[in-house]
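An overview of the molecular structure
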Amino acid sequence: MDVKGKVVVLFTNEPPSQDEKFFGGRALTYYGRWAYKFQEAARQGALACLIIHTDPTAGYSWEVVRNSWGKEDTQIPAEPSTPALAFAGWLTAEAGARLLGLELASLLEAADQRGFRARPLEKAVRISAQATLREVRSENVAAMVEGTDLKQEAVVFSAHWDHLGMNPKLSGDGIYNGAVDNATGLGVLLELARAWAALPQKPRRTALFLAVTAEEGGLRGSEYYGRHPLFPLGKTQLDLNFDAIPPYGRPRDLVINGAERTTAWPMVQEVVRRYNFALSPDPHPEQGTYYRSDHFSFARVGVPAFSINLGADYQGVNAARANTLRQEYTKHYHQPSDEFRDDWDWTGVEEVARVGLTLGINAANNPALFTWRPNDEFLPARLASLAR
Ligand SMILES: [Zn+2]
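These numbers come from a predicted model, not from an experiment.

1. Quick word on the pattern of salt bridges
Inspection of every chain in the model, using the stated rule, returns 19 salt bridges. Here R134 makes a salt bridge to E72, at a shortest N to O gap of 2.8 Å. Taken together, the residues span a long stretch of sequence, with R134 in the loop between α5 (104-111) and β4 (141-145) and E72 in the loop between α3 (62-69) and β3 (87-91) at a distance of 62 residues. The exposure class assigned to R134 is exposed, which follows from its relative accessible area of 58%.

Here it is in structure tokens:
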């Protein structure tokens, strides 16, 4: 449908299905993300885009929408050449039904069918909003160790260094320490850099250690890197990302979500086996966790990219404690109480670093450059093929 100059009204997410070949089955593909829908509406020349929120389609409540969007939003200035929407926003189900004068349930049912086509709404809306812009500066921090013969090609290790700053209105010191999210990942990044620098025989490709900013503002630091890479994206072998690694001991499994969709997968499986870990699938593929950390900014520009994290299969005497701490973390997530504790057990975090180092060395020495598996519904093909 030609939406040039029009207001696109849509639901977020995608038709529910168990069929792997239909929008990735249970997993949320990038097509279902609100961010992708805004981008696509802009690419199609729409003037504005409104998402009608329902709890089942979004997978979360209106509260989450309000908390995420009812405040200052961090963005990188758009390139003049990229299309942009004049307005993008969310409507409650009630407001959406009122605006359209239609019943939402039947609309949603129609949209869930194969062959559904957008329909004209024959309505006009007037939207006005006051926006205040504030310029904020922050830095990505990069260090590198040159490779031997493939110096112009790079393996990237990344972890975000930012968190949520301070909130003086809160009781206590109001500091968002971000001990788990993401001092753990940053600690791994620093140790990897130290270990790589100490390798007596350097791998063939260059290693880039990248501490990115503004992850919590919507992966902005890594997005900026994707637009201004230090190595050509087509010569970037891989991004290995580390984000919020639970320091509660060593479970039996790792989660390396997304790696199975790249040609690095056999190598990943081999290394994971060597370290006596099992691989667990993403526990909540329907929540689209893959799109919520910095590796995704690399995937968006075509670089094979994934995070390495611990699973939750804790065994033995410390299992109960690890499970309790994991459970408790849901209360500390994105709160000032995400604070360092000296009774944490670092064995699992250390293993993540070792696996990351081995993967990185193998990737740096691998004869071929890795790619995304072609024709995968998980990522739009044009994103996966951008750089290569
Ligand atoms: Zn994080």
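2. Notes on the coordination of the zinc ion
Those protein atoms acting as donors to the zinc ion are H160 (NE2), D181 (OD) and D243 (OD), and they sit at 2.0 to 2.3 Å. Positions of the donor residues of the zinc ion, expressed as sequence spacing, correspond to H-x20-D-x61-D. Of this pair, H160 sits in strand β5 (residues 150-160) while D243 sits in the loop between β7 (236-241) and β8 (253-255), placing them 83 residues apart in sequence.

3. Topic: helix α7 (residues 220-227)
Here α7 lies mainly inside the structure; six of its eight residues are buried. Buried residues belonging to α7 abut β6 (205-212) and α9 (295-300).

4. Structural notes on the side chain of R220
Along the chain, R220 falls in helix α7. A polar atom in the side chain of R220 sits 3.2 Å from the backbone oxygen of G217. The residues touching R220, leaving out its near neighbours within four places in the chain, are D73, T74, Q75, I76, T213, A214 and E215.

5. Here we look at the nonpolar core
Counting residues in hydrophobic clusters, the biggest one holds 37 residues, and the most contacted among them are F157, W196, F242 and V268. Contributing elements (two or more residues each) for this core: β5, α6 (179-197), β6, β7, α8 (265-274) and α11 (347-365). Sorting elements by how many residues they give to this core places α11 first, with eight residues. Apart from the residues within four sequence positions on either side, F242 is in contact with F157, S158, A159, N182, G185, V188, L192, I308, V352 and G356. Counting residues in hydrophobic clusters, the runner-up holds 22 residues, among them Y30, A35, L233 and Y291.

6. Details of unusual backbone geometry
Residue D181 is joined to N182 through a cis peptide bond whose omega torsion reads 15°. Among the structural elements, N182 can be located in helix α6. The phi angle at E122 is positive, at roughly 55°, despite the residue not being glycine. As for its position among the elements, E122 is in the loop between α5 and β4. Backbone geometry places A244, a non-glycine residue, at a positive phi of 55°. With respect to the helices and strands, A244 occurs in the loop between β7 and β8.

7. Considerations on the packing of aromatic side chains
All chains considered together, the criterion is met by 20 aromatic pairs. With centroids separated by 5.5 Å and ring planes inclined at 35°, the aromatic side chains of Y30 and Y291 adopt a geometry described as tilted. Residue Y30 is found in the loop between β1 (7-11) and α1 (34-43), and its partner Y291 is found in the loop between β9 (278-279) and α9; the two are separated by 261 residues along the sequence. Residue classification places Y291 among the buried positions, given a relative accessible area of 3%. On the basis of an interplanar angle of 90° and a centroid distance of 5.8 Å, the ring pair of Y290 and Y291 is categorised as edge-to-face. Relative accessible area serves as the criterion here: at 2%, Y290 is assigned to the buried category. Stacked on the ring of F277, the Lys or Arg R250 has its end atom at 3.8 Å from the ring centre.

8. Brief notes about the sheet that holds β6
With respect to topology, five strands assemble into an open sheet ordered β4-β6-β5-β7-β10, the strand pairing being mixed. Unpaired on one side and paired on the other, β4 and β10 (305-307) mark the two borders of the sheet. Averaged over all pairs of adjacent strands, the angle between strand axes in this sheet comes to 20°, irrespective of strand direction. Note: β5 against β6, eight bridges, orientation parallel. Note on β6: the bridge partner recorded for V156 is L208. Of the strands in this sheet, β4, β5 and β6 touch α6, which is tilted by about 150° from β5.

Basis of the calculations
Residues numbered from 1 in each chain as written. Predicted model: local features only at pLDDT ≥ 70, side-chain atom pairs only at ≥ 80, totals over all residues. Heavy atoms only, no water. Salt bridge = Lys/Arg side-chain N within 4 Å of Asp/Glu carboxyl O. Helix = DSSP H or I, 4+ residues; strand = E, 2+ residues; numbered from the N terminus. Buried < 20%, exposed > 50% of the residue type's maximum accessible area, 1.4 Å probe, protein only. Donors = N, O, S within 2.8 Å, 3.2 Å for Na, K, Ca; no water. Contact = heavy atoms within 4.5 Å. Polar contact = N/O pair within 3.5 Å; in protein donor to acceptor, adjacent residues only side chain to side chain. Core = buried A, V, L, I, M, F, W, Y, C linked by side-chain atoms within 4.5 Å. Phe/Tyr/Trp six-rings, centres within 6.5 Å; stacked < 30°, edge-to-face > 60°. Lys NZ or Arg CZ within 6 Å of the ring centre and 35° of its normal. Pairing = 2+ DSSP bridges. Axes fitted to C-alpha atoms, helices over the stretch in contact; angles between N-to-C directions.

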